[in-house]
Amino acid sequence: MVDESLENDTIDESVNNPQPAAVTPSFHPQEIGSSTFSSFNPYYNDNTPDDEEHEPFYTDSTGLMRKVSNMSNLSEANLPLTSNAANMSPTQSMSLGSKLTAGGAGGGDNNNNTGRTIYLNDPQRNDQNRYLHNRISTAKYNFVTFLPKFLYEQFSKYANLFFLFTASIQQIKNVSPTNRYTTLGPLVVVLAATGFKDIMEDYKRHRSDSEVNSRDCNTLLGNTFVAKGWHSVKVGDIVRIEGGDFFPADLILLSSSEPEGLCYIETSNLDGETNLKVKQALPETAGLTSPTGISQLTGCLNSENPNNSLYTYEGTLVMNTPSGGKQLPLDPTQLLLRGAQLRNTKWIYGIVVFTGHETKLMRNASATPIKRTSVEKMVNVQIIFLFGILLTMSLACSIGYTVKTLKSGLQLDYLKLADTSYIGQFGFNILTFLILFNNLIPISLIVTMEIVKFKQADLINSDLDMYYEKTDTPALCRTSSLVEELGQIEYIFSDKTGTLTCNEMEFQQCSIAGLAYMGEDMKRAQNDGSTVGQYDFKQLKENLKNHSTANAINEFLTLLAVCHTVIPERNEKDPNTFIYQASSPDEGALVKGASLLDYTFTTRRPKSVTIVANQQEMQYEILNICEFNSTRKRMSTVVRSPDGKIKLYCKGADTVILERLSGDNPFVDATLQHLEEYATEGLRTLCIAMREISEDEYQRWSGVYEKASTTLNNRQDELDKAAEMIEKDLFLLGATAIEDKLQDGVPETIHTLQQAGIKIWVLTGDRQETAINIGLSCKLIQEEMSLIIVNKESHWETKEFLEQKLQAIKARVNPDTEPLALVIDGRSLEFALDKELEKIFLELATLCKAVICCRVSPLQKALVVKLVKHHLKAILLAIGDGANDVSMIQAAHVGVGISGLEGLQAARSADVAISQFRYLKKLLLVHGAWSYQRLSKLILYSFYKNITLYMTQFWFAFQNGFSGQVIYESWTISFYNVLFTVLPPLVIGIFDQYVSARMLDRYPQMYMLGQKSEFFNVKNFWGWTINAFYHSLVLYWVSVYMFEDELLLYNGQAAGHWVWGTTLYTAVLATVLGKAALITDLWTKYTYLAIPGSFIFWIIFLPIYASIAPKLNFSEEYDGIVPQLFTSAVFYLTVVLLPVFCLLRDYVWKYTKRMYKARAYHTVQEIQKFNIPDYRPGMEQFQKAIRKVRAVQRLRRTRGFAFSQNESGQESKVIRAYDTTLQKPTGL
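Residues numbered from 1 in each chain as written. Predicted model: local features only at pLDDT ≥ 70, side-chain atom pairs only at ≥ 80, totals over all residues. Heavy atoms only, no water.

**A look at the pattern of salt bridges**
Let me state the cut-off plainly: The salt bridge criterion pairs a side-chain nitrogen of Lys or Arg with a carboxyl oxygen of Asp or Glu, the two atoms within 4 Å.
Applying the stated rule across the entire model yields 40 salt bridges. Via salt bridges that share partners, Arg632, Arg634, Glu659, Arg660, Glu724 and Glu727 belong to a single interconnected network.

Rendered as structure tokens:
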């Protein structure tokens, strides 16, 4: 059993506490110096270097230099996100300074305390202020910044820095034992190839930005609207936005097609909220509904300066009137943000206040960071150690030369050595040996890795399993340099709306008078093939005619068609159908469901609604509306029906409806059973109830309600009390079940990823109840999990709660008996991310199998990711679909964007773009696992082959008096990496598969190999390095022994140095190619071409090159060598026996590991090779039954509320303003 202190009070109890939206509090200057200053003031974003290094330039097209501030005294959660935010004091950005007046100073200076003044219909005066243009750029480079940023990024890799140093000292005269360009040439090729790849990837970002910037927008010129590109929109322009379009900039609403200047917007792109928001123009401008009228508007708009607070705005509209300037206050009610979408409104007029990178959306975005993979970081560290070995070798050889010279100097007169000081010669010798041994660190590795990563990204892009035919969208890997990170992910941070869900609500099932009904697509058979207790909607219509429950069905469907705040509009394309404008997608789904069942809502007037029920038009007078809020968890409408009776229709959570029922309710038990079934399927449920009210009772209650609605103090509380008086003695009609449609395959994908050892956190702007419901339906929250719900209102309460739960978890005897899920809202998260609490919160979260953060802002999403990234040594992936996810995506090691939907920015800012969440499974478990294993093998092999060759040079130094003499011809040394060993690592990196995709999908636990860095770690690296030292030792000294007495050829001549050197070179080549064959798991035609083919190519190349090159006065060492070499039996004996002897140890080691120390993937390889079927017991049906039982138990223990409803408090006012029988203005 779980400790009592660990059990949450139940979902229902937690929901009873009202949850304020995660709105950024207004700034109070006196709080700056206090310890209680909110870490979530929106101007304190993150701008300090994290694990990755941020580039030193801001990425927008203005080319501004990006400053990095020292914020070491702040928590990770307190750090600024952009340089502008870091430079701007909150008072500068938020307040309008002293009183804003018509003559206040304007201009584009963002540091001006008085804000900015925008003149209405006066573009010339606005142009004088030189406000920022409306072009946006999410690209990494531009023409000015490419070279410095690219070089900074490349030379932060120690390998490139080392080769630059080597190439520089090679230019010193008489220092280099090899050609002076043998390092510089390959380095230039490496940088050029990498630069070309980066340019191509960044070009795609520029192209995406160009598509957005070139969208059309209607802008007022004179008294007509003309189409202009978004990039041409300027501050002060008056624009017309059509329904369904996105706002091109931050606007102030002036008027709309709806009554009283109302409009609906969807902000899921900004904050994840799926509910539509209601915005309203000022009454003084709401009547300007024609181009002529709006063009005559004069005056100015005094606005606050650009900032990144999504939820605040202060300004003043000064209208010129005959009596003088009339000042009208502006607030967030009139603000329309870039990234939001106009919905359920035909058109609006708005004036542009912020453009481009000064919009609140772009202020919440950070510059594209320079990300480095953990593999690259480890390679960097190992290169430092290898450089240490290289330096030690060079010092040893220089000391050896000095000792040799001092001891035998008189015997070396014939060499005519330079007459220099020993100290000077010692220094020169160090440089000489550094150059001689420099390829111990392979220069080919960098370009090989870049080519392989680019090709791996191309394989991801061309994978048909991740192609979404519906939107013609393939996967797109935008940043190929991160592909191996995909195989090491330990945490996934996911948005909900548009990522896990489709943001589509469907009325799927209902329970009426104890009978359950469902749509055809939901109808399912029981185990015996029957459908006991399940009827389809056709049967519902039949029952409405002549069944004993007909009256209940009629009232149920009438309630769905009448009790709501939806606005109907006739479809212009099909006048017989309606488009419903609903601020809540759930309400829209219920009204559409009623329409499908022939109860169609057709007309709304200020005091009545009209429905067509079974082809009969009926009008219901709306007497009162008791609005929804998170405390009441229900909505009621008092109506007068056509027969004159007064009825109360009520819908809400089961917990609040059941306790308000009368004693005579025959359908309660059956309805509860149906609710349990709906809940186990992850559907969003509501209970439906009603009662008839006598005229006398209504008149008495109406007086109380009117008094409450006009009170000045605690009006909402008084209205709630009044509603309590009438919402009693209800009759339960039934329940509804709405499906918040998940994307295809989401539950299965999450389950598989969890099996792979990946922890999934959902970060959403949606309300707590909705988030929990989605967590259950997508199987993130399992039925056996206990919920820990944190929704506290103060720092102290949050701290006490977190500490209490953490102690209770640690005190458990067996932690695995009952897994936990943590749910925390934005307000509590604000406190939890404070420096004092962040480690406690993180420790508690990591002990839970699932974490859901709800009602969080875009900034909070990024801060949660940064918190985990800063404190845990884990690779993080963030996935989202909207602009509100960009900061989170850029903060993670790997960012994945959901593409395919118009107007979404996440895919453009992400490292990888996919069109469906389910594709994440193959992206990580297959492509990620392959990429990590391939890159690991490529890197280890690249170091191995170079160390094997160049260590022979070191052993030779002990025999040549440390003179710096080379064994091999210098251009042949360069060709080693460029021609003869370039293909094996490429083929291994692109085509090798340690197990097939089918096996990786069947056994997701294999993914943990990457999480634990099994294929590339310090132990593996130095194991390969020592093996290379061993092979070089064997190759060198055995070949020396075989050529010890100057091998005599068939003509009696001595073989000489170059015959021995070329023989040794051939033996080394055969050994390293044999090693490549030994580590290859999958042989393709390219593998045969790369490994045996490379050796054959050398055998053919050598005689041709040795014949031609000496005649062209280079590589003269090869003059006449071919006949001597190819006629020597010792040559063939050396080339055959030495590689076999070296690789025998490797083969024995590999055999021993597989036979006696087998790893998990060895077993899977055997299963794959022999095609062994999977005989794991088929427990799916049993587990499904167990999950259902647990789900019912959870529901009974924690009856909750799963319904998304707008609680703005103005719904009643909004619908009272509508009369859909009147013609709306066209705005033309």
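**Examining the sheet that holds strand S11 (residues 335-336)**
Quick reminder of the rule: Two strands are counted as paired when DSSP detects at least two bridges linking them. Labels follow the DSSP assignment, with helices taken as runs of H or I lasting at least four residues and strands as runs of E lasting at least two, numbered in each case from the N terminus.
The strand order S3-S2-S4-S13-S5-S11 describes an open sheet built from six strands, whose pairing is antiparallel. Strand pairing shows two members of the sheet lacking a second neighbour, strand S3 (224-229) and S11, which therefore form its edges. Relative to S11, strand S5 (residues 250-256) runs antiparallel, the two sharing two bridges. What sits directly across from leucine 251, in S11, is leucine 336.

**Some remarks on the pairing of strand S26 (residues 684-693)**
Both faces of the sheet carry side chains from a regular strand, because those side chains alternate between them. Condition: Think of it in three bands: with a 1.4 Å probe and only protein chains considered, a residue is buried below 20% of the maximum accessible area for its type, exposed above 50%, and partly exposed in between.
With nine of ten residues buried, S26 lies mostly within the body of the structure. When strand S25 (residues 646-652) meets S26, the two strands line up antiparallel, connected through seven bridges. Bridge assignment links lysine 647 to a residue of S26, and that residue is glutamate 692. Bridge count between S26 and strand S27 (residues 731-742): seven bridges; the pairing is antiparallel. Residue pairing in the sheet places threonine 685 in a bridge with alanine 737 of S27.

**Thoughts on helix H32 (residues 983-991)**
Counted only if it meets this: In what follows, residue pairs with any heavy atoms lying within 4.5 Å of each other are defined as contacts.
In terms of residue burial, H32 counts as a mostly covered element, since seven of its nine residues are buried. Looking at the buried positions of H32, the neighbouring elements they touch are helix H14 (444-461), helix H30 (919-957), helix H36 (1057-1079) and helix H37 (1085-1108).

**So, the confidence of the model for the protein chain**
Short version of the rule: Per-residue confidence from the predictor is reported as pLDDT, a score between 0 and 100.
Mean pLDDT over the protein chain stands at 80; residues scoring 70 or higher make up 81%. Within the model, the stretch residues 1-112 combines pLDDT values under 50 with 281 contacts to residues more than four positions away or in other chains. Below a pLDDT of 50 lies the segment residues 1195-1202, which in the model reaches 25 contacts outside its immediate sequence neighbourhood of four places, other chains included.

**As for the side chain of aspartate 237**
Operational definition: N or O atoms closer than or at 3.5 Å make up a polar contact, with two conditions inside protein: a donor-capable atom paired with an acceptor-capable one, and, for residues adjacent in sequence, both atoms drawn from side chains.
Relative to the elements of secondary structure, aspartate 237 occurs in the loop between S3 and strand S4 (238-242). There is a polar contact of 2.9 Å between the side chain of aspartate 237 and the backbone nitrogen of lysine 234. Apart from the residues within four sequence positions on either side, aspartate 237 is in contact with Thr219, Lys228, Ser232, Gly350, Ile351 and Val352.

**Some words on the nonpolar core**
Just so we agree on the cut-off: Nonpolar cores are built from buried Ala, Val, Leu, Ile, Met, Phe, Trp, Tyr and Cys residues. Side-chain atoms within 4.5 Å join them into one set.
Ile492, Leu877, Ile914, Leu920, Leu924 and Tyr994 are the most contacted members of the largest nonpolar core, which totals 155 residues. Considering each element in turn, this core owes the most residues, 24 residues, to H30. In contact with leucine 877, not counting residues within four places along its chain, are Leu486, Ile489, Tyr491, Ile492, Phe493, Ala892, Val894, Val896, Leu920 and Leu924. One finds Tyr131, Ala249, Tyr313 and Leu361 within the second-largest nonpolar core, a separate group that totals 51 residues.

**A short note on the packing of helix H20 (residues 695-710) against helix H21 (residues 715-726)**
Going by this rule: The axes used here are C-alpha line fits, helices contributing only the stretch in contact, and every angle between their N-to-C directions lies in the interval 0 to 180 degrees. The labels follow the angle: roughly parallel below 35 degrees, roughly antiparallel above 145, roughly perpendicular from 65 to 115, and oblique for the rest. Charged residues are taken to be Asp, Glu, Lys and Arg, nonpolar residues to be Ala, Val, Leu, Ile, Met, Phe, Trp, Tyr, Cys and Pro, and polar residues to be all remaining types, Gly included.
Closest axis-to-axis distance for the H20/H21 pair is 8 Å, and the angle between their directions is 170 degrees. Between H20 and H21, the crossing angle belongs to the class labelled roughly antiparallel. From H20, Glu697, Trp701, Val704, Tyr705, Ala708, Ser709 and Thr710 reach across to H21, where they touch Arg715, Glu718, Leu719, Ala722, Ala723, Met725 and Ile726. Its residues placed into classes, the contact of H20 with H21 shows nine nonpolar, two polar and three charged.

**Observations regarding H36**
Worth spelling out the cut-off: To estimate how far a helix should reach, multiply one less than its number of residues by 1.5 Å.
The first and last C-alpha atoms of H36 sit 33 Å apart over 23 residues, in line with the 33 Å expected at 1.5 Å per residue. With 19 of 23 residues buried, H36 is to be regarded as a mostly interior element.

**Things to note about the UniProt feature "active site" (unreviewed entry) in the protein chain**
As a reminder, the rule being used: UniProt positions are given in the numbering used here, feature names are shortened, and annotations may be inferred rather than shown by experiment.
The sites that UniProt annotates as "active site" (unreviewed entry) are Asp495. Inspection of the secondary structure puts aspartate 495 in the loop between strand S15 (489-494) and strand S16 (501-512). Residue aspartate 495 is classed as buried on the basis of its relative accessible area, which comes to 1%. Once you skip the residues sitting within four places of it in the chain, aspartate 495 turns out to touch Leu500, Leu763, Thr764, Lys861, Ile879, Gly880, Asp881, Asn884, Asp885 and Met888.

**Quick look at the side chain of arginine 240**
Looking at where arginine 240 falls in the secondary structure, it is placed in strand S4. In this structure arginine 240 comes out as buried when scored by relative accessible area, which is 7%. A polar contact of 2.5 Å, which involves the side chain of arginine 240, links it to the side chain of glutamate 242. Among residues more than four places away in sequence, those in contact with arginine 240 are Asn218, Phe225, Trp347, Ile348, Tyr349, Thr1226, Gly1227 and Leu1228.

**Description of a nonpolar patch on the surface**
Inclusion rule: Exposure above 30% relative accessible area and the lack of any salt bridge qualify a residue for a patch; like charges then connect within 9 Å, and the nonpolar side chains Val, Leu, Ile, Met, Phe, Trp and Tyr within 5 Å. Computed with a 1.4 Å probe, the accessible areas rest on the Shrake-Rupley method; for each residue, only the protein chains presented here act as cover.
Taken together, Trp971, Ile1096, Ile1100, Ile1104, Ile1108, Leu1112 and Phe1114 make up a surface patch of nonpolar side chains, about 650 Å² in accessible area. The greatest single-element share of the nonpolar patch, amounting to four residues, is contributed by H37. With respect to the helices and strands, the residue isoleucine 1096 is situated in helix H37.

**A closer look at the environment of isoleucine 988**
Secondary-structure assignment places isoleucine 988 in helix H32. Note on isoleucine 988: relative accessible area 3%, which makes it buried. On a C-alpha basis, the gap between isoleucine 988 and leucine 938 in space is 6.6 Å, while along the polypeptide they are 50 residues apart. If near-sequence neighbours (up to four positions away) are discounted, isoleucine 988 is found in contact with Arg934, Lys937, Ala1076, Ile1079 and Thr1080.

**Quick look at the pairing of strand S1 (residues 116-119)**
Residues Arg116 and Ile118 line one face of S1 and the alternating positions Thr117 and Tyr119 line the opposite face, and both faces are buried. As defined by bridge partners, S1 adjoins strand S8 (residues 299-303) across four bridges and the pair is classed as antiparallel. Each bridged residue has a counterpart across the sheet, and for threonine 117 the counterpart in S8 is asparagine 302.

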